[in-house]
Amino acid sequence: MVNTKELSAVPASSTLAAAGMPAATPASLEAVASSEAGVTSGQLLYGPPAREVVSSHFRKIKPKVLPTPTPRPTPVPTPSAGADKTGRIASYFQAGASWKSGLTWSGDWGKKKYKGKKFGAFGCGLCCMANIYSSLSPYRSSPLDMYEFAKEVSGYEGAGAIEWWNMYTVLEKAGFHCEMGKKPDNYKEFQKLVRKSKAVVVLVSKHNKKSMWKHTTGHYVTLFLYDKASDKVFLADPGSYKRNRKWVSLEKIYDSLKTKSDRQYLLVTEYKKEKDSWRNTEFTGKCHLPSNWKTD
């Protein structure tokens with residue numbers, strides 16, 4: 001850093017002597033200024049000529065050469081959690097309207113009926129489990145595949161909303177380690193649970209004033225890729241185009257949990273291929289999948 005006060009001052013005699021130069025006096029400086037700048041004797045020494053005289057003396061002083069500092073590597077910012085992983089996440093829609101609109105992740109299962117009930121009216125939990133299996137295992141499943149598998153390995157009878165214990169059984173049979181529970185009394189505890197998970201199925205409703213879901217008495221959605229920096233999760237909502245595949249506040253999810261239910265969440269903490277009794281390779285039904293998704 002340059003000290004401008006030093007540059008505007010005449011060097012002291014001791015400084016010039018140390019540099020091997022004759023001591024500079026006002027008279028000598030004035031004489032040099034007069035000869036170099038054409039100043040008439042007796043004029044006051046100021047302005048550009050004076051600055052040039054002072055600068056010439058400073059230029060004759062050899063500067064001290066300091067060692068070049070070793071450059072530090074430019075830090076590379078760590079990407080937000082899940083920033084490069086969302087393309088792997090499945091997020092199926094359940095209803096026929098999304099299929100008619102041609103939305104990615106919609107399927108023809110939305111217009112199918114089982115025992116007189118449209119899949120779109122009860123299939124949110126099955127979509128959530130298909131999301132988890134397709135995203136976290138090396139295999140994939142459509143919601144229709146999951147529907148048949150659930151009937152085969154659990155007490156699920158079909159043509160209706162799947163219950164918590166049936167979902168728990170189905171996912172365990174598919175190679176996942178799961179934990180179920182009720183809404184913790186404080187948000188920090190819920191945050192810790194989600195942080196350790198690979199995916200979470202939660203039940204939300206309109207019953208709480210702060211809920212994001214204003215028009216449902218009960219609905220399953222899936223949470224992926226918790227981001228500690230923003231405290232957000234990647235939401236797979238099979239019933240909403242506006243919310244599906246969006247990063248949302250985890251605290252808003254906490255405020256939306258349906259506390260009138262026996263359970264509010266099901267955590268998936270691990271997948272082990274050797275415990276997967278299904279290893280599904282088929283994909284039943286038609287679906288508008290991303291062209292480059294799981295083509296290997």
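Residues numbered from 1 in each chain as written. Predicted model: local features only at pLDDT ≥ 70, side-chain atom pairs only at ≥ 80, totals over all residues. Heavy atoms only, no water.

1. Quick look at the pattern of salt bridges
The test is simple: Salt bridge, as used here, is a side-chain nitrogen of Lys or Arg placed within 4 Å of a carboxyl oxygen of Asp or Glu. Strands are runs of DSSP state E lasting at least 2 residues, helices are runs of H or I lasting at least 4, and numbering of each runs from the N terminus. Per-residue accessibility, obtained with a 1.4 Å probe over protein chains only, is compared with the maximum for each type, and a residue is labelled buried under 20%, exposed over 50%, and partly exposed between these values.
Enumeration according to the criterion identifies 5 salt bridges in this entry. In this structure, Lys-151 engages Glu-148 in a salt bridge whose closest nitrogen and oxygen atoms are separated by 3.8 Å. Of the two residues, Lys-151 and Glu-148 both sit in helix 8 (residues 143–153), 3 residues apart, roughly one turn of that helix. Overall, Lys-151 belongs to the partly exposed group, its relative accessible area being 33%. A relative accessible area of 43% means that Glu-148 is categorised as partly exposed.

2. Re the confidence of the model for the protein chain
Stated precisely, the cut-off is as follows: Residue-level confidence of the predictor is what pLDDT reports, using numbers from 0 through 100. Any pair of residues with heavy atoms lying within 4.5 Å of one another is described as a contacting pair.
Across the protein chain, pLDDT averages 82, with 71% of residues at or above 70. Here residues 2–19 is a poorly scored stretch, pLDDT under 50, and it has 18 contacts once near neighbours within four places are set aside; other chains count. Taken as a whole, residues 74–79 scores under 50 in pLDDT and shows 0 contacts with residues more than four places along the chain or in a different chain.

3. Observations regarding the nonpolar core
Within soluble globular proteins, side chains that are nonpolar tend to cluster in buried spots. Note the threshold: By nonpolar core is meant a set of buried Ala, Val, Leu, Ile, Met, Phe, Trp, Tyr and Cys residues that side-chain atoms within 4.5 Å join together.
Of all hydrophobic cores here, the largest spans 48 residues; its most connected members are Tyr-92, Phe-119, Leu-126, Met-146, Phe-176 and Leu-266. Tallying contributions element by element places helix 7 (residues 124–136) first for this core, with 8 residues.

4. Regarding the packing of aromatic side chains
Basically, it comes down to this: Only the six-membered ring of Trp is used, alongside the rings of Phe and Tyr, when aromatic pairs are assigned; centres must lie within 6.5 Å, and planes under 30 degrees apart are stacked while those over 60 apart are edge-to-face, with the rest tilted.
Counted under the stated rule, the structure contains 20 aromatic pairs. With a centroid separation of 4.6 Å and 40 degrees between ring planes, the pair formed by Tyr-114 and Tyr-147 is classed as tilted. Linking Tyr-114 in strand 1 (residues 113–114) with Tyr-147 in helix 8, this pair joins segments that are 33 residues apart in sequence. The same class applies to Tyr-114 as to Tyr-147, namely buried.

5. Regarding unusual backbone geometry
Of note, the phi angle at Leu-225 is positive, near 55 degrees, even though the residue is not glycine. As for its position among the elements, Leu-225 is in strand 5 (residues 219–227). Non-glycine residue Asp-231 carries a positive phi angle of around 60 degrees. Relative to the helices and strands, Asp-231 is located in the loop between strand 5 and strand 6 (232–236). When its relative accessible area of 17% is taken as the criterion, Asp-231 is described as buried.

6. Concerning the packing of helix 7 against helix 8
As a reminder of what qualifies: Comment: axis = line fitted to C-alpha atoms, over the contacting stretch for helices; angle = value between 0 and 180 degrees taken between N-to-C directions. For classification purposes, an angle smaller than 35 degrees is called roughly parallel, one larger than 145 roughly antiparallel, one from 65 to 115 roughly perpendicular, and anything else oblique.
Running from N to C, helix 7 and helix 8 cross one another at 105 degrees; their axes reach a closest spacing of 8 Å. Viewed along their axes, helix 7 and helix 8 adopt a mutual orientation that is roughly perpendicular. Contacts between helix 7 and helix 8 involve Leu-126, Cys-127, Met-129, Ala-130 and Tyr-133 on the former and, on the latter, Pro-143, Met-146, Tyr-147 and Ala-150.

7. Here we look at the packing of helix 7 against helix 9 (residues 164–173)
Selection rule: The sense of a crossing depends on the near helix, which, turned anticlockwise from the far helix by less than a right angle, makes the crossing left-handed and, turned clockwise, makes it right-handed. Gly falls in the polar group here, along with every residue not listed as nonpolar (Ala, Val, Leu, Ile, Met, Phe, Trp, Tyr, Cys, Pro) or charged (Asp, Glu, Lys, Arg).
Across the interface, helix 7 lies against helix 9 with an axial gap of 11 Å and an inter-helix angle of 20 degrees. Put simply, helix 7 runs roughly parallel to helix 9. Relative to helix 9, the crossing made by helix 7 is right-handed. In contact with Gly-125, Met-129 and Ile-132 of helix 7, helix 9 contributes Met-167, Val-170 and Leu-171. For the contact of helix 7 with helix 9, the residue count by class is 5 nonpolar, 1 polar and no charged.

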